[in-house]
Number of protein chains: 2
Amino acid sequence: MRADARTNRARILDAAEAVFAEGGDAASTEEVASRAGVGIATVFRHFPTKPQLLEAVLVGRLERLRDQAAALVDGLEPGSAFFDFFATLVEDAAGKIAIATALSEAGGGAAPEATRASGELRAAVGKLLERAIEAGAVRADVELPEVYALLVGVSRAAVYTALDANVRDRMLAIVFDGLRA
Amino acid sequence: MRADARTNRARILDAAEAVFAEGGDAASTEEVASRAGVGIATVFRHFPTKPQLLEAVLVGRLERLRDQAAALVDGLEPGSAFFDFFATLVEDAAGKIAIATALSEAGGGAAPEATRASGELRAAVGKLLERAIEAGAVRADVELPEVYALLVGVSRAAVYTALDANVRDRMLAIVFDGLRA
DNA sequence: GAATATAGGGAGTCGTCACTCCGGTTGTCG
DNA sequence: CGACAACCGGAGTGACGACTCCCTATATTC
């Protein structure tokens, strides 16, 4: 692969992430191309169909989240590691439709890479949850599926209602209380 | 207004509700028309633009929810009235993209009717919450905005993750615990 | 039951968007 | 530095969806 091809690919991915974060997947490919400073054909050469471009963005996001979660697993406090990850993710999701979509599109489509990445993130969150339960910071009868669902739901709420930070924190506090007591 | 016009209008609204519930607002107007058993032109005569059709569906849903909430206010137990409404709404939202959208689109667009209906629903939920707090079923420091945000979020989670009933109930239980303790 | 306004239907129109074709450009390797 | 392959860009193309035009059909009114 030639050098300019590699940098263009990266530029396209960055632009696509920004564009889809703002406009959702309804945003046009042409918008992505112009934001990346390349022609449309270049976008389609790197990602032959729009779903494939969306998948690439999705996988990037999921892997970054997975790495964040994995890094926190080896951190010090299991309890705050779990809650911090939860809160950070929701905070990041505000204004970024794509993150919420990334979370929930978990293997819904027939995109193998996305399914894999989603599974890995889920596993990383599972580890975080497990440690938090062992440390007594989360109720023992809480399981991964409902935690994941809450993560998805609260993220989407943050995206779709123009939530100011205050309300968002109060909402998180309620959910966290439910996870603890 | 002629009789057939009235029945056609109702048929279109019903069809639109079903179609948009399944496919989201990306579903085509032609699909709505054929499901209603009328021509496309008829749909456009009653609702001159697609946003207006969407708004009409939205207002219908919001008003029905508002009525449900209002009916529960005069019911017997304030605590279970609140939690029942919450649970019922989330249950109904599963598989119906439109309900979740209806909740969150709350005055986002410049649609006056929708804004009004959304405000009325919000007020009805507010009453429900107020009574529940007075009865000691919900913590006193909980306020409407975060409750509404949770309603939106949990509904969307139910829609976008293929949530089975079991996980959905466990998720609700966590949120309810957070609202109580 | 005839006259008339009102409503319906389906074949268009127009714009948009995903995707392609081909002539020009540029990195790379001997 | 020159030649070749890899890459780029932008003007197309085809499909699809929102919306319109106009002729036909039906409800209403006297």
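Worth saying up front: this structure is predicted, and the values here are computed from it rather than measured.

Further remarks concern the nonpolar core. If you look at the biggest cluster of nonpolar residues, it comprises 93 residues, and the most contacted ones within it are A:F82, A:F86, A:L179, B:F82, B:F86 and B:L179. Ranked by the residues each element gives to this core, the list is headed by helix α8 (residues 144–160) of chain B, at ten residues. Sequence-distant contacts of A:L179, that is, excluding residues within four places in its chain, are made with A:F82, A:F83, A:V138, A:R139, A:V142, A:V147 and B:I174.

This part is about the interface of chain A and chain B. Of the residues lining the interface, 24 residues belong to chain A; the matching set on chain B comes to 24 residues. Together, the buried faces of chain A and chain B total about 2100 Å²; carbon and sulfur atoms form 71% of this surface. Joining chain A to chain B, the criterion identifies six salt bridges. Ionic pairing is found between A:D177 and B:R139, a salt bridge with its closest N-O pair at 2.5 Å. Taken together, the links from chain A to chain B amount to six residue pairs in polar contact (both at pLDDT 80 or more). Every element with two or more residues in the side of chain A that touches chain B is listed here: α8 (144–160) and α9 (165–180) of chain A. Ranked by the residues each element gives to the side of chain A that touches chain B, the list is headed by α8(A), at nine residues. Class assignment of the residues belonging to the side of chain A that touches chain B gives a composition of 13 nonpolar, four polar and seven charged.

DNA strand D sits among 21 residues. The nearest are A:R2, A:N8, A:A41, A:T42 and B:K50. Here the atoms of DNA strand D within 4 Å of the protein split so that 64% fall in sugar or phosphate, with bases taking the remainder. Of all the secondary structure elements, the ones that give two or more residues to the surface near DNA strand D are α1 (3–23) and α3 (40–46) of chain A together with α3 (40–46) of chain B. By residue number, the principal contributor to the surface near DNA strand D is α3(A), which donates four residues. Its residues assigned to classes, the surface near DNA strand D shows eight nonpolar, eight polar and five charged.

The next subject is the relation of the copies chain A and chain B. The transform that puts chain A on chain B rotates by 180° and translates by 0.0 Å along the axis, for an RMSD of 0.0 Å. Expressed as an axis order, the relation between the two copies is that of a two-fold axis. Most of the interface of chain A is mirrored in chain B: 100% of its interface residues are interface residues there too.

Bringing the packing of helix α5 (residues 78–93) of chain B against α8(B) into the picture now. Residue and element names in this part refer to chain B. Contact geometry of α5 with α8 gives a least axis separation of 8 Å together with a crossing angle of 35°. The two elements α5 and α8 meet at a crossing, and its hand is right-handed. For the pair α5 and α8, contact is made by F82, F85, F86, L89, V90 and A93 and by V147, L150, L151, V154, S155, A158 and V159, respectively. A breakdown of the residues in the contact of α5 with α8 according to their chemical character gives twelve nonpolar, one polar and no charged.

Residues and elements named next belong to chain A. Here chain A is partitioned into domain 1 (1–48) and domain 2 (51–180). In this structure, domain 1 and domain 2 have C-alpha centres spaced 26 Å apart. Contacts between domain 1 and domain 2 engage 14 residues on the former and eleven residues on the latter. The largest share of the area that domain 1 buries against domain 2 comes from E17, F20 and A21, three residues that together contribute 49% of it. A salt bridge links E17 to R61, with the shortest nitrogen-to-oxygen separation between them at 3.3 Å. At the boundary of domain 1 and domain 2, one finds two residue pairs in polar contact (both at pLDDT 80 or more). The element contributing the most residues to the side of domain 1 that touches domain 2 is α1, with eight residues. When its residues are assigned to classes, the side of domain 1 that touches domain 2 shows nine nonpolar, two polar and three charged.

The next thing to look at is the protein's contact with DNA strand C. Around DNA strand C there are 21 residues in total, and A:K50, B:R2, B:N8, B:G39 and B:A41 lie nearest to it. Restricting attention to atoms of DNA strand C within 4 Å of the protein, one finds that 65% of them are sugar or phosphate atoms. In this structure, a base oxygen belonging to DNA strand C sits 3.1 Å away from a side-chain N or O atom of A:R2. The contact in question runs from a phosphate oxygen of DNA strand C to an N or O atom on the backbone of B:G39, over 2.7 Å. Counting only elements with at least two residues in the surface near DNA strand C, the list comes to α3 of chain A together with α1 (3–23) and α3 of chain B. Residue contributions to the surface near DNA strand C peak at four residues, all from α3(B). Counted by class, the surface near DNA strand C contains eight nonpolar, eight polar and five charged residues.

What counts, and where the lines are drawn
Residues numbered from 1 in each chain as written. Chains lettered and ligands numbered in written order. Predicted model: local features only at pLDDT ≥ 70, side-chain atom pairs only at ≥ 80, totals over all residues. Heavy atoms only, no water. Core = buried A, V, L, I, M, F, W, Y, C linked by side-chain atoms within 4.5 Å. Buried < 20%, exposed > 50% of the residue type's maximum accessible area, 1.4 Å probe, protein only. Helix = DSSP H or I, 4+ residues; strand = E, 2+ residues; numbered from the N terminus. Contact = heavy atoms within 4.5 Å. Buried area = accessible area lost by both parts, 1.4 Å probe. Salt bridge = Lys/Arg side-chain N within 4 Å of Asp/Glu carboxyl O. Polar contact = N/O pair within 3.5 Å; in protein donor to acceptor, adjacent residues only side chain to side chain. Nonpolar A, V, L, I, M, F, W, Y, C, P; charged D, E, K, R; others polar. Near = heavy atom within 4 Å. Least-squares fit on C-alpha atoms with pLDDT ≥ 70 in both. Axes fitted to C-alpha atoms, helices over the stretch in contact; angles between N-to-C directions. Left-handed = near helix turned anticlockwise from the far one by under 90°. Domains from an automatic or database assignment.

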